[in-house]
Amino acid sequence: MSGTFLGMPGNFPKNAEKAVQNSQLRFNLRKATHTIRGKRASVVAELPDWKELRAAAKAVKDETLRHLDRYLVQLEEAVTRAGGHVHWARDAAEANRIVTGLVQATGESEVVKVKSMATQEIGLNEALAEHGITAYETDLAELIVQLGDDFPSHILVPAIHRNRAEIREIFLERMPETPDGLSDEPAALAEAARLHLRERFLRSKVAISGANFMIAETGTLVVLESEGNGRMCLTLPETLISVVGIEKLLPSWRDLEIFLQLLPRSSTGERMNPYTSMWTGATEGQEFHLVLLDNGRTDVLADEVGRQALRCIRCSACLNVCPVYERTGGHAYGSVYPGPIGAILTPQLRGMGSELDASLPYASSLCGACFDVCPVAIDIPEVLVDLRAKAPHGAAERAGMRVAGWVLGDEARLAKAQRLASRVRGLVPRRLPGPLSAWTDTRDLPEIPEESFRDWWERHERP
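Residues numbered from 1 in each chain as written. Predicted model: local features only at pLDDT ≥ 70, side-chain atom pairs only at ≥ 80, totals over all residues. Heavy atoms only, no water.

### Observations concerning the overall build of the protein
Then, number 1: For the protein, the helix and strand inventory stands at 23 helices and 10 strands.
Then, number 2: The C-alpha radius of gyration computed for the protein amounts to 25 Å, which stays within 12% of the reference 23 Å derived for 463 residues, consistent with globular compactness.
Then, number 3: If you line up the protein on its principal axes, its C-alpha atoms span 85 × 55 × 45 Å.
Then, number 4: Put simply, the protein has 463 residues, and 51% of those count as buried.
Then, number 5: Intrachain contacts of the protein at a sequence separation of at least 6 include 74% that bridge at least 24 residues.
Then, number 6: A total accessible area of about 22000 Å² is found for the protein, and carbon and sulfur atoms account for 54% of it.
Then, number 7: Across the protein, the 54 positively charged side chains and the 62 negatively charged ones have centroids separated by 6 Å. (Helix = DSSP H or I, 4+ residues; strand = E, 2+ residues; numbered from the N terminus. Rg over C-alpha atoms; globule rule 2.2 N^0.38 Å. Buried < 20%, exposed > 50% of the residue type's maximum accessible area, 1.4 Å probe, protein only. Contact = heavy atoms within 4.5 Å. Areas by Shrake-Rupley, 256 points an atom, 1.4 Å probe, with all protein chains shown as cover. Lys, Arg positive; Asp, Glu negative; His and termini not counted. Charge placed at Lys NZ, Arg CZ, Asp CG, Glu CD.)

The structure is reproduced here in structure tokens:
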């Protein structure tokens, strides 16, 4: 997996501390997430069998992951029969080499892209640029991020941290054909983006996409989107290259019906997404290449607790209800996968060797709202707690836990410790010193009572 966003500090607490000082960012995030959250709740309430759909989606995903090897081979055979070419990529470097080589073979130096988190994960745009190939994002939010030399901060709406006035300024500065009188009305901004992209669509010979789902029995890929840019990218170019994580598989067409009900409602709060594009192998003379990306996914699959993160269908519902994400935004996570799902997926894909990745499992209040809204029932709090146990811990913390275990492991020792703490309560500082200060940097030290509950019970209730 590619590295952290350039310019990011060393860990989530530092990133979050900076983000919460930005009042405009907090306002933008709160307004956007609450709007999407409300729409989602409304359309979900319309389905009397939502719980059953959720359970069915979980079962389908678990079945697929249990037999992933078999379904991947079935997919490869189906795509090949349909005239497509399948490539296997162990990691980001191999995937970037494959895609770069495929583009170079066409002789083109420009590509258009459908929004794809897998290509962001591997840093494909940067890898192509190193070989003189320019990648143009065509999703409106991704275009805003790209033109603003920015980073995505949301799975569904990458430019969620920007308001309309900021987007207008980006367009005026970075799109030469934009009229000076451009307003910040959504329709005007969308029209300016369409005019900018139209030329790209018509002249580009190569397109790169991801996929929301892959159907093993037929070799069909599925992309859901709202703007029509995906349809243009998938049909106009002469060469189509799709980079897809190996976990995006569904066994059959029948399974897809479940997810076409869950995904739009969970992501955009719509009953149905405006554009659903499906293609099987090479169609109408177009050359098609499928790059199946591992990049740490088989390692996640081997984890009995953490593998449930691979059920994720990238709907972003967990981000929109998370109190931590709402206040810090996506950049604080230092990954293309922000929010609760990013806090469990990123450290599993990248490992917890860096300070940032080791801090991500703590980027949560463990309130459980993310689990409640997840359409595939990923128990994110469970995985967070499991990852916290696996994260590296400092010497002072390990020593403190050993002492706490020794005290709590014996009733008499605990009673003595409580009485001692009550006697010296006036000497305990509000902020702990030395290595312990990190704990009180972000929370108040609880006040020690004059008398422990144990002693109070002895005096009042014990016969």
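### Observations regarding the sheet that holds strand β9 (residues 275–280)
Then, number 1: The strand order β8-β5-β6-β9 describes an open sheet built from four strands, whose pairing is mixed. Edge positions in the sheet fall to β8 (249–250) and β9, since each has one partner strand and no second.
Then, number 2: Two elements, strand β5 (residues 213–215) and β8, share two bridges in a ladder whose sense is parallel. Paired with Ile-215 across the strands is Leu-250, a residue of β8. (Pairing = 2+ DSSP bridges.)

### Some remarks on the sheet that holds strand β7 (residues 239–245)
Then, number 1: The strand order across the open sheet built from six strands is β1-β10-β7-β4-β2-β3, with neighbouring strands paired in parallel fashion. Sheet topology places β1 (85–89) and β3 (134–137) at the edges, where each strand pairs with a single neighbour. On average, adjacent strands in this sheet sit at an angle of 25° to one another, irrespective of strand direction.
Then, number 2: One ladder, built from four bridges, connects strand β4 (residues 206–209) with β7; its direction is parallel. When the sheet's bridge partners are listed, Ile-208 is paired in β7 with Ile-241.
Then, number 3: Helix-sheet contacts for helix α4 (residues 68–81) involve β1 and β10 (287–293), and the interaxial angle to β1 is about 145°. (Axes fitted to C-alpha atoms, helices over the stretch in contact; angles between N-to-C directions.)

### Comments concerning the pattern of salt bridges
Then, number 1: For the coordinates displayed, the defined rule picks out 26 salt bridges.
Then, number 2: Salt bridges linked by common partners bring Glu-121, Glu-247, Arg-297 and Arg-314 together as one network. (Salt bridge = Lys/Arg side-chain N within 4 Å of Asp/Glu carboxyl O.)

### What about a nonpolar patch on the surface?
Then, number 1: Residues Leu-420, Val-424, Leu-427 and Val-428 make up a contiguous nonpolar surface patch of roughly 360 Å² in combined accessible area.
Then, number 2: As for its position among the elements, Leu-427 is in the loop between α21 (411–423) and α22 (437–441).
Then, number 3: The exposure class of Leu-427 is exposed, given its relative accessible area of 73%. (Patch = residues over 30% accessible without salt bridge, like charges linked within 9 Å, V, L, I, M, F, W, Y side chains within 5 Å.)

### Some points on the environment of Arg-254
Then, number 1: By the secondary structure assignment, Arg-254 is in helix α12 (residues 253–267).
Then, number 2: On a C-alpha basis, the gap between Arg-254 and Leu-195 in space is 39 Å, while along the polypeptide they are 59 residues apart.

### Here's the deal with the nonpolar core
In a soluble, globular protein the nonpolar side chains are often hidden away together inside.
Then, number 1: Counting 62 residues, the largest nonpolar core has Phe-12, Phe-213, Phe-259, Ile-341, Ile-344 and Ile-378 as the members making the most contacts within it.
Then, number 2: For Ile-344, the contacting residues outside a window of four places in its chain are Ala-309, Ile-378, Ile-380, Val-383, Leu-384 and Leu-387.
Then, number 3: Among the nonpolar cores identified, the runner-up in size contains 40 residues, and Leu-68, Val-114, Phe-201 and Leu-240 belong to it. (Core = buried A, V, L, I, M, F, W, Y, C linked by side-chain atoms within 4.5 Å.)

### Here's the deal with helix α2 (residues 23–45)
Then, number 1: Counted at 1.5 Å a residue, the expected span for α2 with its 23 residues is 33 Å, and the 33 Å between its end C-alpha atoms agrees.
Then, number 2: Every buried residue belonging to α2 is among Leu-25, Asn-28, Leu-29, Thr-33, Ile-36, Arg-40, Val-43 and Val-44, and all of these are buried. (Expected span 1.5 Å × (residues − 1).)

### Points about the pairing of β10
Then, number 1: When you tally the buried positions in β10, you get six out of seven residues, the bulk of the element.
Then, number 2: Inspection of the sheet shows β1 paired to β10 by five bridges, in the parallel sense. Residue pairing across strands places His-85 opposite His-289, the latter belonging to β10.

### Topic: the side chain of Glu-94
Then, number 1: Position of Glu-94 relative to the elements: it lies in helix α5 (residues 92–106).
Then, number 2: Apart from residues no more than four positions distant in its own chain, Glu-94 is found in contact with Trp-88 and Ala-89.

### Some remarks on the pairing of strand β6 (residues 220–225)
Then, number 1: Of all the six residues making up β6, six are buried; the element is thus mostly covered by neighbouring parts of the structure.
Then, number 2: Neither face of β6 is exposed, since Thr-220, Val-222 and Leu-224 on one face and Leu-221, Val-223 and Glu-225 on the opposite face are all buried.
Then, number 3: Where β5 and β6 come together, three bridges link them in antiparallel fashion. Across the sheet, residue Ile-215 finds its bridge partner in β6, namely Thr-220.
Then, number 4: Taking the residues that link successive antiparallel strands as the turn, the β5-β6 hairpin has four residues, and the phi of Gly-219 there is positive, at about 75°.
Then, number 5: In terms of strand pairing, β6 meets β9 through six bridges, oriented antiparallel. From the neighbouring strand, Leu-224 faces β9, where its bridge partner is Thr-276.

### Some words on the packing of aromatic side chains
Then, number 1: On inspection of all chains with the given rule, the structure shows six aromatic pairs.
Then, number 2: For the pair Phe-213 and Phe-259, a centre-to-centre distance of 5.5 Å together with 50° between the ring planes defines the contact as tilted. A residue pair is termed long-range when its members are at least 10 positions apart, and Phe-213 in strand β5 and Phe-259 in helix α12 qualify at 46 residues. Neither residue differs from the other here; Phe-213 and Phe-259 are each classed as buried. (Phe/Tyr/Trp six-rings, centres within 6.5 Å; stacked < 30°, edge-to-face > 60°.)

### A look at the environment of Leu-147
Then, number 1: Relative to the helices and strands, Leu-147 is located in helix α8 (residues 140–147).
Then, number 2: Separated by 24 residues in the primary sequence, Leu-147 and Phe-171 have C-alpha atoms spaced 7.6 Å apart.
Then, number 3: Among residues more than four places away in sequence, those in contact with Leu-147 are Ile-170, Phe-171, Arg-174 and Met-175.

### Observations regarding the side chain of Asp-150
Then, number 1: Topologically, Asp-150 is positioned in the loop between α8 and α9 (164–174).
Then, number 2: Sequence-distant contacts of Asp-150, that is, excluding residues within four places in its chain, are made with Val-145, His-161, Arg-162 and His-331.

The quantities given are spatial measurements derived from coordinates; they are silent on function.
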